[in-house]
Amino acid sequence: MSNLKSVSVFFELILFLFGVLMPILASGQQFIVQDSLKRPLNNVQDTVKREAVVMDSVTRDSVNRDTTKKGDGQGISSMVLSNAEDSTITDRKNNQLHLYGNAKIKYEDMELTADYIRIDNNSRTMFASGLIDHNGKYRGRPIFKTATDPPVTVDSLIFNFDSKKGKTYGVFTEMDGASIQAREIKKNEYNEQFIRHGFYSTCNLPFPHTHFGIQMSRVILTENQVVSKSAYMVIEQVPLRFVMIPFGFFPKTNKRQSGILFPSFGEDFSRGFFLRDAGYYIGLNDYWDAELRGNLYTKGSWEANARVRYKKNYKYDGGFSLRYAYTKNGEENTPGFSRAKDFNITWNHSQRQEANPGTTFSASVNAGTGSFFSNTAASGTYDYNQITRNNMSSSIAYGKTFADGKVNFTSSLSHRQDISTGQINLELPTFNLNVATFNPFDSKERVGEQKWYQRLTVGYSMQGKNTINSPDSLLFRKETLGKMQNGIQHNIPVSLSLNVANYFQFNTSLNYTERWYFQSTRKRFDNDPSGYVERIDTVQGFNRAYDYSFSTGFSTKVYGQKNFKGKLAALRHVITPSVNFNYRPDFSDARFGFYREQRYADGTPVLDNQGRPVKYSIFQNAIYGSPSAGRSMGIGFSIDNNIEAKIKSDKDTTGTGFKKVPILQGLTFSGNYNFVADSFNLSNISFSGRTALFDQKLGLNFNGSFDPYRYVEVTTPGSTMPSYRRINEYAIKGGQLARLTQFGLSMDFSFNPEAAKSRNNNLNEMDKNKPNMTPEQQQELARISSDPNAFVDFNIPWNIAASFSFQYSKPFAKSNITSTINIHGDLSVTPKWKIQYNSGYDFQTKKMSLTQFNIYRDLHCWDMSFGWIPFGTYRSYTFNIRVKASILQDLKLTKRNDYYNSF
């Protein structure tokens, strides 16, 4: 859990790894189980009782199994299995068993594999090694593994069953992304181990090249302690003996250890030289740990951070942190000098589903002052996304299912904070109760198909909400709490779906919604020296509002196909039209009591420009809105189109293979006509669609809206700017079928689709490991997921991709157009060098968008990267070298020069 910046803790971890792995290699009973009476190993006999002959590898290239015989009712307590792909030799004269060619010995969940294994029953020893092949290479080294430990590779090993002493030569294993090697290991009868010439490295090659490693001359491991002679660092095969540790004594425990967290040093342009992330790690117990860190700057700024993490296997895990910062910018007694006090609180909690089936609880909290990240440069990380973030949000959620999953209840506390405006929205709390739809007239004992009335379905849902909207500076004042809004909404949908004549799908629905509010509003106009001023009063008390609507209609599918001769075999067009009749009463009618007329102070009604009284809803700005004003009775319509081609495949040699190519997908037009509206009966006609071209390399999406009515220019007295107004007259009278008021187009193209596919596959694999990641690793994964240039795949030699966005709007005479293009990709100059680029252009502002270049070098067990933003507001460069091993992710060298700092 510690960052391993403490030398003592770091060495303790290294030596502890030896303590865990090496006893496995030296323990004899791992390979052979002795007779319960301590009798010689000649009880292990060949099952076919052959003579001591050397068998030809061609005549016997099969598996031979030895099983232990029981004698006098006192046999070996467990079965020992052995096999060899090449040959098995039983030498009765010397009382030895020889196994050749991928030889294996198994006992319970343990397994030893080597090209040669010899068991000597006279000396009661076992020897395992590899063999030299015809090319002079040493192959088939012994590999030992168990069900719970990683495989360990050695050059050879010897074990004596009587003395329980063993010796291992040329040990090699991996753990947590690092490699451990040792020339020689001994073990005595007291379970003490002696390591000679041990080596800990981040490179997994037998002879590491570009690496960071630690050489240990001699080490003694006992059950509770580690004693080390001299140890020194090795970088790029160069021993740094001047930083040698002459000796070391470390306690070895199976629990977390507290220790110092070493800081990093540098200079910040605005805050001065710094000592950052100094602190102390506290290993409370197996379930809790904590970090206390601090940052100090020479110009007077400082930060403090307390983080606590907890985890209980198979139940829950999480953590919370509190960060406080005091920031000084500029020089005192100058106009630009400022002081700021900021804080930030985070909490995350997740619960395993199997811990409490049917119940869920989770938390994700991020709250604090809006200027924390910008004033502290994201706690010194200089994360651009954190520095420029404009919102924070939190959520604490609880859920439970009832009645065999048919009833679901969820509740949450949430907060949303707009950093730019300082506005905060709190929901304390929100709850939802949902009942799965059911058939009230159906029966479990029904035999045969459902009758029409048995297809009727009913559902129910209830939502409740309690909210506060306020600037952050006024949040906890009494008048703000008095403006809290709340309400409860009930919804009951009833629907019926029927198939008619096998071609038409009829759908009928009735939806009833009821809202309960504890406040309502009243509007009035008061006399003022400047004229009438609108006043809005909030009236406390329970109020009930409801509305309902009815809809019925049908849909069908129409298929059309045109066949051709040649490579284009056919074109297929599928049309899905739908028509529905809908009705909704006018809930602004006085009999419902939901709307009232606005009046002046003398009681006269307020009239609109057509001389009609102006009405307002007493539930205006309520949480769940107000019942709609105006009666609606009309016809809704939509038509969906899909066009695809059937083309002969070039890869098929029989001439009968075809592939389908989408030409136009989801081209939909929709609208509504209201019979009872006094004007503008026809709504706007919206459309959307998508397609993919050039063998799915080019994706294209579009959408838009047509206005069927005309507009006229209105002259406003005293104003030089023209204004416009829609009139109740169809555009076709002016020579247009309809006016295009909005259109959007987006395209994305990749010359190498395998690049995107590879990136998505790798991110999916990383997502699977999210539960085992630390919060920092999860944050890094989120950054990679959102940044197409953050993921480097050296297996993809090149990638060129581009995207284009176009937006057009013309509500009246003046149009507005925005269009941007973005180009990104990468190129592998050599198998180990890769260049990534990202740039774009805004045609409206006639400026280049954020342009960035990244150069990566794969150093086998290290990564090197150089990033450069050559121009713009955030021009900067960064240079990083870091170890790939996950256990040493904090070991890195960073050089940065950007808009925020200079060092």
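Residues numbered from 1 in each chain as written. Predicted model: local features only at pLDDT ≥ 70, side-chain atom pairs only at ≥ 80, totals over all residues. Heavy atoms only, no water.

### Quick word on the nonpolar core
- Grouped together as the largest cluster of nonpolar side chains are 24 residues, with contacts concentrated most on Leu99, Leu112, Ile117 and Met126.
- Of all elements in the fold, only strand S5 (96-107), strand S6 (110-120), strand S7 (125-129), strand S12 (156-160), strand S14 (178-187) and strand S16 (212-221) reach the threshold of two or more residues within this core.
- Aside from chain neighbours lying at most four places away, what touches Ile117 is Leu97, His98, Leu99, Ala103, Lys104, Ile105, Leu112, Met126, Phe127 and Ala128.
- If you look at the next biggest cluster of nonpolar residues, it comprises 11 residues, including Ala545, Phe587, Tyr595 and Ala622. (Core = buried A, V, L, I, M, F, W, Y, C linked by side-chain atoms within 4.5 Å. Buried < 20%, exposed > 50% of the residue type's maximum accessible area, 1.4 Å probe, protein only. Helix = DSSP H or I, 4+ residues; strand = E, 2+ residues; numbered from the N terminus. Contact = heavy atoms within 4.5 Å.)

### Points about a positive patch on the surface
- Taken together, the side chains of Arg183, Lys186, Arg196, Arg218 and Lys229 make up a positively charged region of the molecular surface.
- Relative to the elements of secondary structure, Arg218 occurs in strand S16.
- Under the relative-accessibility criterion, Arg218 is labelled partly exposed at 48%. (Patch = residues over 30% accessible without salt bridge, like charges linked within 9 Å, V, L, I, M, F, W, Y side chains within 5 Å. Areas by Shrake-Rupley, 256 points an atom, 1.4 Å probe, with all protein chains shown as cover. Salt bridge = Lys/Arg side-chain N within 4 Å of Asp/Glu carboxyl O. Lys, Arg positive; Asp, Glu negative; His and termini not counted. Charge placed at Lys NZ, Arg CZ, Asp CG, Glu CD.)

### Considering the packing of aromatic side chains
- Under the definition given, this model contains 35 aromatic pairs.
- A centroid spacing of 4.9 Å and a plane angle of 55° characterise the contact between Phe587 and Phe592, whose relative ring orientation is tilted. There is no split in this pair, since Phe587 and Phe592 are both buried.
- Put simply, the rings of Tyr512, Tyr517, Tyr546, Tyr548, Phe587, Phe592, Phe594 and Phe619 touch in pairs and so form one group of aromatic residues.
- Arg271 extends its terminal NZ or CZ atom over the ring of Tyr297, reaching a point 4.4 Å from the ring centre. (Phe/Tyr/Trp six-rings, centres within 6.5 Å; stacked < 30°, edge-to-face > 60°. Lys NZ or Arg CZ within 6 Å of the ring centre and 35° of its normal.)

### Examining the pattern of salt bridges
- Evaluation of the coordinates by the stated rule reveals 19 salt bridges.
- Of the charged contacts, one joins Arg710 and Glu729 as a salt bridge, the two residues approaching to 2.4 Å between their closest N and O atoms. You can see Arg710 sitting in strand S44 (residues 709-714) and its partner Glu729 sitting in strand S45 (residues 723-730), a full 19 residues away along the chain.

### Thoughts on the pairing of strand S37 (residues 568-584)
- Alignment of strand S36 (residues 558-563) against S37, held across six bridges, turns out to be antiparallel. Within the sheet, the bridge partner assigned to Lys562 lies in S37 and is Leu571.
- Connecting the antiparallel pair S36 and S37 is a turn made up of four residues, with Gly566 showing a positive phi of about 115°.
- Inspection of the sheet shows S37 paired to strand S40 (residues 632-648) by 16 bridges, in the antiparallel sense. What sits directly across from Phe581, in S40, is Ile635. (Pairing = 2+ DSSP bridges.)

### Some details on unusual backbone geometry
- For the bond from Leu428 to Pro429, the omega torsion is -10°, close enough to zero to count as cis.
- Tracing the backbone through its elements, the reader meets Pro429 in strand S31 (residues 423-438).
- Residue Asn95 is not a glycine yet carries a positive backbone phi of 60°.
- Secondary-structure assignment places Asn95 in the loop between strand S4 (87-91) and S5.
- Of note, Arg124 is a non-glycine position whose phi angle comes to about 55°, a positive value.
- Structurally, the position occupied by Arg124 is in the loop between S6 and S7.
- Note on Arg124: relative accessible area 8%, which makes it buried.

### Quick look at the confidence of the model for the protein chain
- Averaged over every residue, the pLDDT of the protein chain is 76; residues scoring 70 or more account for 76%.
- Every residue in residues 770-790 is under pLDDT 50, and counting partners more than four places away or in other chains gives 31 contacts.
- Throughout residues 887-903 the model reports pLDDT below 50, and contacts reaching past four residues in sequence, or to other chains, amount to 68 contacts. (pLDDT = per-residue confidence, 0-100.)

### A look at the side chain of Asn491
- Positionally, Asn491 belongs in strand S33 (residues 485-500).
- Owing to a relative accessible area of 17%, Asn491 belongs among the buried residues under this scheme.
- Among the polar contacts listed, one links the side chain of Asn491 to the side chain of Asn511, at a separation of 3.4 Å.
- Residues in contact with Asn491, not counting those within four places in the same chain, are Gly459, Tyr460, Ser461, Asn511, Tyr512 and Thr513. (Polar contact = N/O pair within 3.5 Å; in protein donor to acceptor, adjacent residues only side chain to side chain.)

### Description of the environment of Ser156
- Looking at where Ser156 falls in the secondary structure, it is placed in strand S12.
- For Ser156, a relative accessible area of 15% translates into the label buried.
- Considered as a pair, Ser156 and Glu184 are 28 residues apart in the sequence and their alpha carbons are 9.7 Å apart.
- The residues contacting Ser156, other than those within four sequence positions of it, are Phe127, Ala128, Ser129, Pro142, Lys167, Thr168 and Tyr169.

### Remarks on the side chain of His490
- Topologically, His490 is positioned in strand S33.
- We classify His490 as buried; its relative accessible area is 11%.
- Here the side chain of His490 touches Tyr460 through a polar contact of 2.9 Å, side chain to side chain.
- Apart from residues lying up to four places away in sequence, His490 is in contact with Tyr460, Ser461, Met462, Tyr512, Thr513, Glu514 and Trp516.

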